[in-house]
Amino acid sequence: SIREHAELFGDRLYEVESEGGKLVMRYAACHQQFAMIKDWIISYKELPLGVFEVADSYRFEQKGELVLCFRLRKFYMPDLHILLKDLDEAKKFSFKVQNKILEEIGRLGRSYVAIYNVTEDFFELHRDYIVELIRGVGRPGLIVVYPSGIYYWVINVEYIIIDSLKRPREIATFQIDIGNAARFNIRYVDENGVGRYPVIIHTAIIGSIERYIYAILDKAVQDEEHGKTPNIPTWLAPIQVRIIPLSKDYMEFADEVLRKLLANNIRADLDDRDLTLAKKIRDAGVEWIPYVVVIGEREFKTRNVNVRIRSTGIQKVMDVNELINIINKELEGF
């Protein structure tokens, strides 16, 4: 069953020789998850049923094809498989999947165009469904029709960003799989006690971890091209707040601010190096710190903080609690 799935996968597999035999390194979470699911006792009442893993995956990409963060020989795929009763239920559920895919890329300030790879039979029978999917994206879509029976899927959607060099880059995806349940003997029991093969949606809601990072960094490049300061989302920043006291006289208050931020689950640090303010602020800029807090005599006396916000370029004096509220609002849902 794994051999059949691999042959139908349609991508370069990483093969290794071992003790005179040929092995293939895992290219997705599919067959490992399916090998477990086939031994489960599943009722129709439990469907839809999702199985999720962040799967280390390997593809034998060729020299000259490798692109940092985008095309790799080893990457991490947040791979979700959703078992559904039949094709009609899978079609209905796929709109939820697509909406979540669009929502996640939208949170980065980006949008997708989509390629709809479909089999000929599926295209003829479900054209209205495909049109509704395209309408849900809100942009023109490209439909590619394949002969029926070549792959295990009937529809395979690629969600694509256009990067800073105007290249299409696939990030997220989903497929409706009608073949692997039978191939791996995955069954559920319907309301009449009859064993049936589920239809399986494969999806990577945010793409691979690396391609998601590619989308974030490419957005920063595009922001810079439009005159904005490049940045990464606050929830992703290793250090969200850097505190810079002007001298040792203000270290006690700076430490108080640091402890308050840490107590509110905000990743913060304190730059107590014996360097100039300009050098410390420049270093924070090089590290793309979202919020830089400067504490001098005025801040010490008023118990406020002077905050530089990287994403907007705004510098503002505020209460520590106000800063915490601003950051927590950014972190909602992450």
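First, a word on what this report is: a plain description of the structure on this page.

Cut-offs applied
- Residues numbered from 1 in each chain as written.
- Predicted model: local features only at pLDDT ≥ 70, side-chain atom pairs only at ≥ 80, totals over all residues.
- Heavy atoms only, no water.
- Helix = DSSP H or I, 4+ residues; strand = E, 2+ residues; numbered from the N terminus.
- Buried < 20%, exposed > 50% of the residue type's maximum accessible area, 1.4 Å probe, protein only.
- Contact = heavy atoms within 4.5 Å.
- Areas by Shrake-Rupley, 256 points an atom, 1.4 Å probe, with all protein chains shown as cover.
- Lys, Arg positive; Asp, Glu negative; His and termini not counted.
- Charge placed at Lys NZ, Arg CZ, Asp CG, Glu CD.
- Pairing = 2+ DSSP bridges.
- Axes fitted to C-alpha atoms, helices over the stretch in contact; angles between N-to-C directions.

## A few points about the overall build of the protein chain
Part 1 of the argument: Summing up its helical and strand segments, the protein chain has 11 helices and 16 strands in all.
Part 2 of the argument: Each principal axis of the C-alpha atoms in the protein chain carries an extent, and together these give about 75 × 50 × 45 Å.
Part 3 of the argument: Residues counted as buried form 45% of the 334 residues belonging to the protein chain.
Part 4 of the argument: Once local pairs closer than 6 in sequence are excluded, the contacts in the protein chain between residues at least 24 apart make up 67%.
Part 5 of the argument: Accessible surface, the protein chain as shown: approximately 17,700 Å² in total, 52% of it carbon and sulfur.
Part 6 of the argument: One way to put it: in the protein chain the 46 positive side-chain charges average out to a point 3 Å from where the 50 negative ones average out.

## Considerations on the sheet that holds strand β4 (residues 74–84)
Part 1 of the argument: Spatially, β3-β4-β11-β8-β7-β5-β6 is the arrangement adopted by the seven strands of the open sheet, whose pairing is mixed. Either end of the sheet is taken by a strand with one partner, and the two such strands are β3 (49–58) and β6 (141–146). Geometrically, the sheet is characterised by an average inter-axis angle of 20° between neighbouring strands, direction not taken into account.
Part 2 of the argument: Across six bridges, the pairing between strand β5 (residues 113–119) and β6 is parallel. Paired with T119 across the two strands is Y146, which belongs to β6.

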